[in-house]
Amino acid sequence: MTAVFLGLPTAPRGVGHLRGDRSFPDAARDALRDGQLRANLGHATATIRGKRAAVVGEVPDWEQLRQAGRAIKAATMARLDEHLVALEERVTARGGTVHWARDANEANEIVTRLVQATGTDEVVKVKSMATQEIGLNEALEAAGIAAHETDLAELIVQLGDDKPSHILVPAIHKNRAEIREIFLRTMPGVDPGLTDEPRKLAMAARAHLRERFLRARVAISGANFAVAETGTLSVVESEGNGRMCLTLPQTLITVMGIEKLVPTWRDLEVFLQLLPRSSTGERMNPYTSLWTGVTPDDGPQEFHLVLVDNGRTAVLADEVGREALHCIRCSACLNVCPVYERAGGHAYGSVYPGPIGAVLSPQLTGVEDNASLPYASSLCGACYDACPVAIDIPSILVHLRAEHVEAQTRTTPEAAAFRALSAAMSNPRLWRLAQRAAGLGRFLARGKPTLPAALPPPASKWTRTRDLPAPPRETFTQAWAREHGS
Amino acid sequence: MKVALFATCLVDTMVPQVARATAVLLERLGHEVVVPPDQACCGQMHVNTGYRREAVPIVANHVRAFAGAEAIVAPSGSCVASIHHQQAAVARRAGEHALADEAAALAERTYELSQFLVDVLGVTDVGAYYPHRVTYHPTCHSLRLLRVGDRPLRLLRAVRGLDLVELPAADQCCGFGGTFAVKNAETSTAMLTDKMANVLSTHAEVCTAGDASCLMHIGGGLSRLRSGTRTVHLAEILASTEEAVSPHQSTQPAVSR
């Protein structure tokens, strides 16, 4: 039998939230018209940017820390298989059970089965990107299990029947007046006199959640880190709602992407400094929960760890793109991104928006399923500068654009144009002819300094909002050659 | 010093006065300027749009055109950044290792204008005169890839008659991004609008930068709004003197005070 290697499997279609219904430019067009969204995002990202810059600026060895984070991640990815097996061994030795899920469907089946085995029909959830990625809430709902989000922002999104638009602040696109309206409309027994004062909103959510914490028998979490050498899992959060989920219920199920582990306990030292300063702009996050397997008579007495691939091995196989797996989900790149700030998270169509999403989502799904995302960047480089583990996002974006172009089976008009231009730009004689032809464009201007505003496509994409100067009669190199007689 | 001028494809074809100003400035500083006639493009637009294979012959042409040059200067942070960060990489990826080595060696001798003036020639006062209110936009690739830092500002501060005003949120991208400006025209325009609002808030007559491409974007927007604020490349300001103002410029303020 001969086997044809078709590449490593990517995240399957029809499940989870890695693909949008529309291309980025289409989705962004609508978002850009939403003045309230623009105001909310502009205000929120500017605030977080300022906080981050202040606390990063006070660390004298920030650049060294960043390079340490990058080096640990690169070394971990190089031996990921060994570390994962070590993690499984340690978790099992400490009384936990490890499950391996090839993709979103397998992970959802495993978790659903585990919840059903406890006999309950509801779970509380810690904020988790992995479970959003695989669409776990929908899978549980289909099995008749209610999943209650307990992170305040995730709760707002869930109650509003909305989608998260930011990795760290999923409801960043909502202001407090909108949040008040959602609470009044959807929270059973909420005080009808609720105001939009942040403290009052938090108190309403607290009362709503407390009842669920005390009732729940099963909690589901993600993980920020897993330590291979000890089998320890970690969740980093601000509200303490995660801590409630991680300690109160009888059963804890943690769903984690296979890239989230670090080899040693000591490695946490680096990341627990990098993460809070980059994400919330805090020196230290309020709650860092760490747990290892099961501790008799303390916390959950049943612990399951579901390790999810869902396209990650395919990302790991790409020499340039694999750096995207180093991401620690701080969202600093979103907050500094001029494209994210204006178009918002929903335009990316994936649970991973912003610059990191633009490199991660197309790699997890295969670039053909998120083909517009690598182009959703002006390559300004602010993301690379802000990234606490120094992921060169612009270079990966450019690489993915090339992967997309090179995967096309037929010649698009764009490809034909770029090939013709390449032929001209690599042959001085042809190039001078092409420049002379471009110079003829000046006749369209009919003596004016700019070309007409109503040019046909694709030039119209430029001239709809920007003037284009009329080309000169003579190029600089032509004039120079004429004057200098060469 | 004998300096080879790389005009860049955009400047050469669309705004030749920027390359002219660069040559005038370098000659005024006592250097010999040569313009290799076979130059075309650095290949950045192809690489950044996904056509990295098609960029290889463009890189090869660039390396041929500038072979043997002692120092190469371009009035563009973006093109110089591409020469430094992309040319050798795309050649190597295509298996053209000899070309990659040559491109890398050439990159070592290639400078963005403000870097060349400050770091290589060691001058900040180039003897320029430009009696206008000017704000400076630090373009993304000059700022984050080449790390030119405050070199352009030091050059501008030494220009006689020039009233330099700080641009709010200067480090924010103007939204050009090469083909981004057409592939994501709406988002690009939203970014441009905020940049223009900041430029106009300074009440400057002139917005300057080290990249003709970003300036074509900002200037195209300002022109469409009939704002009266225009864009002028850093090289044109530095080339201006009491005796010889650069082409298309006037020493009279364009906006009456």
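As the structure is a prediction and not an experimental result, all values here were calculated from the model.

In terms of regular secondary structure, chain A is built from 23 helices and ten strands. Here the C-alpha atoms of chain A give a radius of gyration of 26 Å, agreeing with the 23 Å that 2.2 N^0.38 yields for 486 residues. Expressed along its principal axes, the backbone C-alpha trace of chain A runs to roughly 90 × 65 × 50 Å. Taken over 486 residues, chain A has a buried fraction of 50%. Counting contacts in chain A only where the partners sit at least 6 residues apart, residues at least 24 apart contribute 75% of the total.

For the rest of this paragraph, the subject is the overall build of chain B. When you go through chain B residue by residue, the secondary structure sums to 14 helices and eight strands. Here chain B has a C-alpha radius of gyration of 18 Å; the compact-globule value for 257 residues is 18 Å, and the two agree. Overall, the C-alpha framework of chain B stretches about 60 × 45 × 30 Å when taken along its three principal axes. Within the span of chain B, comprising 257 residues, buried residues form 61% of the whole.

Let us look at the domain arrangement of chain A. The domains assigned to chain A are domain 1 (27-312) and domain 2 (440-484). Here the C-alpha centroids of domain 1 of chain A and domain 2 of chain A sit 53 Å apart.

Right, let's talk about the interface of chain B and chain A for a bit. How big an interface is tends to be stated in terms of the accessible area lost upon association of its parts. Contacts between chain B and chain A engage 53 residues on the former and 50 residues on the latter. Classifying every residue of the side of chain B that touches chain A gives 27 nonpolar, 17 polar and nine charged.

Below, the discussion takes up the sheet that holds strand 5 (residues 133-136) of chain B. Residues and elements named next belong to chain B. On the basis of which strands lie adjacent, the open sheet formed by four strands has the order 6-5-7-8 and parallel pairing. The sheet is open, and its two edges are formed by strand 6 (163-165) and strand 8 (230-233), each paired on a single side. On average, each strand axis in the sheet is tilted by 35° relative to the strand beside it, whichever way the strands run. The sheet contact formed by strand 7 (residues 206-209) and strand 8 spans four bridges and is parallel. Bridge pairing in strand 8 places Cys207 opposite Thr231.

Take helix 18 (residues 393-407) of chain A next. For helix 18 of chain A, built from 15 residues, the straight-helix expectation of 21 Å at 1.5 Å per residue is met to within 8% by its first-to-last C-alpha distance of 21 Å. Turning to helix 18 of chain A, its buried residues are Ile393, Pro394, Ile396, Leu397, Val398, His399, Leu400, Arg401, Ala402, Glu403 and Val405 of chain A. Buried residues belonging to helix 18 of chain A abut helix 14 (332-336), helix 16 (354-365), helix 17 (382-386) and helix 19 (413-425) of chain A together with helix 3 (44-49) and helix 4 (52-65) of chain B.

So, on to the domain arrangement of chain B. Residue and element names in this part refer to chain B. Its domain assignment divides chain B into domain 1 (2-120) and domain 2 (133-239). Centre-to-centre separation of domain 1 and domain 2, based on C-alpha positions: 22 Å. Every element with two or more residues in the side of domain 1 that touches domain 2 is listed here: helix 1 (9-14), helix 2 (16-28), helix 3, helix 5 (77-85) and helix 8 (113-120). A total of six residues in the side of domain 1 that touches domain 2 trace back to one element, the largest contributor, which is helix 2.

Before going further, it helps to examine the packing of helix 9 (residues 176-186) of chain A against helix 10 (residues 198-215) of chain A. All names here are of chain A. Running from N to C, helix 9 and helix 10 cross one another at 30°; their axes reach a closest spacing of 11 Å. With respect to their mutual orientation, helix 9 and helix 10 come out roughly parallel. For the crossing formed where helix 9 meets helix 10, the hand is left-handed. Here Arg176, Ile179, Arg180 and Phe183 of helix 9 come into contact with helix 10, specifically with Pro198, Leu201 and Ala204. Residue composition of the contact of helix 9 with helix 10, by class: five nonpolar, no polar and two charged.

This part is about the environment of Gly16 of chain A. Residue and element names in this part refer to chain A. Note on placement: Gly16 falls in the segment before helix 1 (24-32). The exposure class assigned to Gly16 is buried, which follows from the 28 C-beta atoms found within 10 Å. When the C-alpha positions of Gly16 and Asp103 are compared, they lie 10.0 Å apart, and in sequence the two are 87 residues distant. If we ignore the near neighbours within four places in the chain, the residues touching Gly16 are Ala11, Ala104, Glu133, Ile134 and Gly135.

What follows deals with the pairing of strand 5 of chain B. Examined bridge by bridge, strand 5 of chain B and strand 6 of chain B share three bridges and lie parallel to one another. Bridging across to strand 6 of chain B, Thr135 of chain B finds its partner in Val165 of chain B.

Looking now at the sheet that holds strand 2 (residues 122-125) of chain A. Strands pair in a sheet through their backbones, by hydrogen bonds, and they do so in one of two ways: parallel or antiparallel. All names here are of chain A. Ordered by their spatial adjacency, six strands build an open sheet running 1-10-7-4-2-3, and the pairing between neighbours is parallel. The sheet terminates laterally at strand 1 (97-101) and strand 3 (146-149), the two strands that pair on one side only. Averaged over all adjacent pairs, the angle separating strand axes in this sheet is 25°, with direction ignored. With seven bridges connecting them, strand 7 (residues 251-257) and strand 10 (residues 302-308) associate as parallel partners. From the neighbouring strand, Gly257 faces strand 10, where its bridge partner is Val308.

Quick look at the pairing of strand 8 of chain B now. Burial of strand 8 of chain B is two-sided: the residues Arg230 and Val232 of chain B facing one way and the residues Thr231 and His233 of chain B facing the other way are all buried. For the crossover that starts at strand 7 of chain B, traverses helix 13 (residues 212-224) of chain B and ends in the parallel strand 8 of chain B, the hand is right-handed.

Excluding glycine, residues mostly have negative phi values, and the peptide bonds linking residues are mostly trans. Residue and element names in this part refer to chain A. The omega torsion across Pro457 and Pro458 is 0°, close enough to zero to call that bond cis. Topologically, Pro458 is positioned in the loop between helix 21 (442-445) and helix 22 (460-463). One non-glycine residue, Arg329, lies in the positive phi region at around 60°. Within the fold, Arg329 resides in the loop between helix 13 (312-316) and helix 14. Residue Arg329 is classed as buried on the basis of its C-beta count, with 20 C-beta atoms lying within 10 Å.

With that settled, consider the environment of Glu108 of chain B. Among the structural elements, Glu108 of chain B can be located in helix 7 (residues 97-108). Placed 46 residues apart in sequence, Glu108 of chain B and His62 of chain B show a C-alpha to C-alpha distance of 14 Å.

Let us now look at the packing of helix 4 of chain B against helix 7 of chain B. In helix packing, the relevant descriptors are the interaxial angle and the interaxial distance, both defined with respect to the helix axes. All names here are of chain B. Here helix 4 crosses helix 7 at 55°, and the two axes come no closer than 10 Å. If you check the angle between helix 4 and helix 7, you find them oblique. The two elements helix 4 and helix 7 meet at a crossing, and its hand is left-handed. Contacts from Val59, Ala60 and Val63 of helix 4 reach helix 7 at Leu99, Glu102, Ala103 and Leu106.

Once that is clear, we can look at the nonpolar core. Counting 221 residues, the largest nonpolar core has Ala219, Val255, Val308, Cys333, Cys387 and Ile393 of chain A together with Val73 of chain B as its most contacted members. Contact partners of Val308 of chain A, with chain neighbours within four places excluded, come to Ala101, Ala107, Ala130, Ile134, Val255, Met256, Gly257 and Ile258 of chain A.

Mean pLDDT over chain B: 94, with 95% of residues reaching 70 or higher. Considering only residues more than four positions removed or in separate chains, one finds that residues 250-257 of chain B, a stretch of pLDDT under 50, has ten contacts.

Procedures and definitions
- Residues numbered from 1 in each chain as written.
- Chains lettered and ligands numbered in written order.
- Predicted model: local features only at pLDDT ≥ 70, side-chain atom pairs only at ≥ 80, totals over all residues.
- Helix = DSSP H or I, 4+ residues; strand = E, 2+ residues; numbered from the N terminus.
- Rg over C-alpha atoms; globule rule 2.2 N^0.38 Å.
- Buried ≥ 20, exposed ≤ 12 C-beta atoms within 10 Å, placed from the backbone.
- Contact = placed C-beta atoms within 7 Å.
- Domains from an automatic or database assignment.
- Nonpolar A, V, L, I, M, F, W, Y, C, P; charged D, E, K, R; others polar.
- Pairing = 2+ DSSP bridges.
- Axes fitted to C-alpha atoms, helices over the stretch in contact; angles between N-to-C directions.
- Expected span 1.5 Å × (residues − 1).
- Parallel < 35°, antiparallel > 145°, perpendicular 65-115°, else oblique.
- Left-handed = near helix turned anticlockwise from the far one by under 90°.
- Right-handed = clockwise from strand over helix to strand, strands pointing away.
- Core = buried A, V, L, I, M, F, W, Y, C linked by C-beta atoms within 7 Å.
- pLDDT = per-residue confidence, 0-100.

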